Amino acid sequence: MAFAVATAPNGTHTASLNLDPAVREAYQHFYNLDYDGAITRFVKVEQAHPEDPIAVMYVLDATLFRELNRLDLLDTTLYAHEGFLTSKHTVTEDKTAKHQIEGLADHAVDLASNRLKRKPDDIEALYARGYARSLKATYVGLVERSFVGGLHLALQARGDHERVLQLDPEFVDAKMVVGIHEYVVGTLPAPLKILAGMIGAGGSKSKGMVMLRDCAARGTITSVESRTTLSLFLRHDAKYGEAIDVARSLSQEYPRDFLFRLEEANLLKDSGQGPKAIAAYRELLQEAKKPGNFQSAHLELAYFGLGETLRGQRDFAGAADAYMQAVVQPTVSADLKQRARLGAGEMYDLSDERVRATEQYQALLAEDPNAPQADAARRLLRSAYAGH
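Notes on the structure in this doc start here.

Along its length, the chain carries 18 helices and 2 strands. Taking 2.2 N^0.38 as the reference for a compact globule, 388 residues should give roughly 21 Å; the C-alpha atoms of the chain span a radius of gyration of 22 Å, in line with that estimate. Considering only C-alpha atoms, the chain reaches an extent of 70 × 45 × 40 Å along its principal axes. Counting every position in the chain, which comprises 388 residues, the buried fraction comes to 56%. When the accessible area of the chain is evaluated, it comes to approximately 16,300 Å², of which 53% is carbon and sulfur surface. Here the chain contributes 45 positive and 52 negative side-chain charges, whose respective centroids are spaced 3 Å apart.

What follows covers the pattern of salt bridges. Overall, the coordinates contain 31 salt bridges when judged by the stated rule. Across the salt bridge formed by R66 and D36, the nearest N and O atoms sit 2.7 Å from each other. Of this pair, R66 sits in helix α3 (residues 53–70) while D36 sits in helix α2 (residues 35–48); the two residues are 30 residues apart in sequence, bridging distant segments of the chain. Residue class for D36 comes out partly exposed when judged on its relative accessible area of 48%. Between E93 and K95 there is a salt bridge; the shortest N-O distance is 3.6 Å. Accessibility expressed as a relative area gives 23% for E93, which makes it partly exposed. Among the charged side chains, a salt-bridge network with shared partners connects E93, K95, K98, E102 and E144.

Let's shift gears to unusual backbone geometry. Positive phi is not limited to glycine here, since R314 has a value of about 65 degrees. Considering the arrangement of structural elements, one finds R314 in the loop between α14 (299–312) and α15 (316–327). For D352, which is not glycine, the phi dihedral falls at a positive 60 degrees. Locating D352 in the fold gives a position in the loop between α16 (334–350) and α17 (354–367). The class for D352 is exposed, based on a relative accessible area of 72%.

The rules behind each value
Residues numbered from 1 in each chain as written. Predicted model: local features only at pLDDT ≥ 70, side-chain atom pairs only at ≥ 80, totals over all residues. Heavy atoms only, no water. Helix = DSSP H or I, 4+ residues; strand = E, 2+ residues; numbered from the N terminus. Rg over C-alpha atoms; globule rule 2.2 N^0.38 Å. Buried < 20%, exposed > 50% of the residue type's maximum accessible area, 1.4 Å probe, protein only. Areas by Shrake-Rupley, 256 points an atom, 1.4 Å probe, with all protein chains shown as cover. Lys, Arg positive; Asp, Glu negative; His and termini not counted. Charge placed at Lys NZ, Arg CZ, Asp CG, Glu CD. Salt bridge = Lys/Arg side-chain N within 4 Å of Asp/Glu carboxyl O.

Here's what the structure looks like:
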């Protein structure tokens, strides 16, 4: 069976399977963070199309993002003000998930490569292989913290999708991977940018943004992902007004996606609109109490954001309480728990509650004496936090 490039309702070109109602239904679950429901539906699509690497790619996509969400790696505050592959968030890798993700990625690449042996200009196969490689690169870069390994895979993915665009400039979905790669390489610190250049990975922030904007506006299966990425990059560049507009378009389209709602609040915080951000966080947390309203919701992210915002408004007692709410959430990662404990301790110090402050610094050190926040905790055990 040969791939058949299809025409989407907006006139762009895409894989025919992307227009399948079963695929569209599965993506609705995916974008509302019902990862298990999405995976179940994507698996059925794969079973109906066992030789189609795009069908495998769907399963890989949802499986990867389920794991990233579990690890709190979809917390955009980790990447908004640091390098995209150099943030210091540490995680404990799940070997079973790693094996599953790598197996799906390799299977999709193998199916696509076999097609390309028969027809080197098979657009659909090139697209599927590039997307699968980009997803594996995401795992390698964010979970395994391997810059070189992630960049190598990303460069391969970019090459596949650049070839797609050479063959068919209206296959707009291919612009996302290329655009992300252009932007990320364009933002790397000088030493890493030099390393990237040595292996042929150039990058331009402006070119990347142009491609992402087009994909966000006209992509078939990448519009949501492109808008999500566009919002993150705009935030990174302190273009908060446009970033808020993009994030709001996503939360309005998918009101049961906890992360889209959270991103609106995060952007309000970062743009200096403290009172509005506080209201947004509290509204989100209140709505999260309704049974079934959100799936896969990591409430600790909202509590931590609320704590940061209240801190900025000098409501130290309120900030301490929000940080502690983040600490006790069952889904909190070790890294965020330590950040929250340190924040809570600092707020207790500023509220003249030294005993409670030292309790948090001691708890942080007991949990992980080698945590990135450990040196600060030791210092603050010797001398109370004074607000600087």
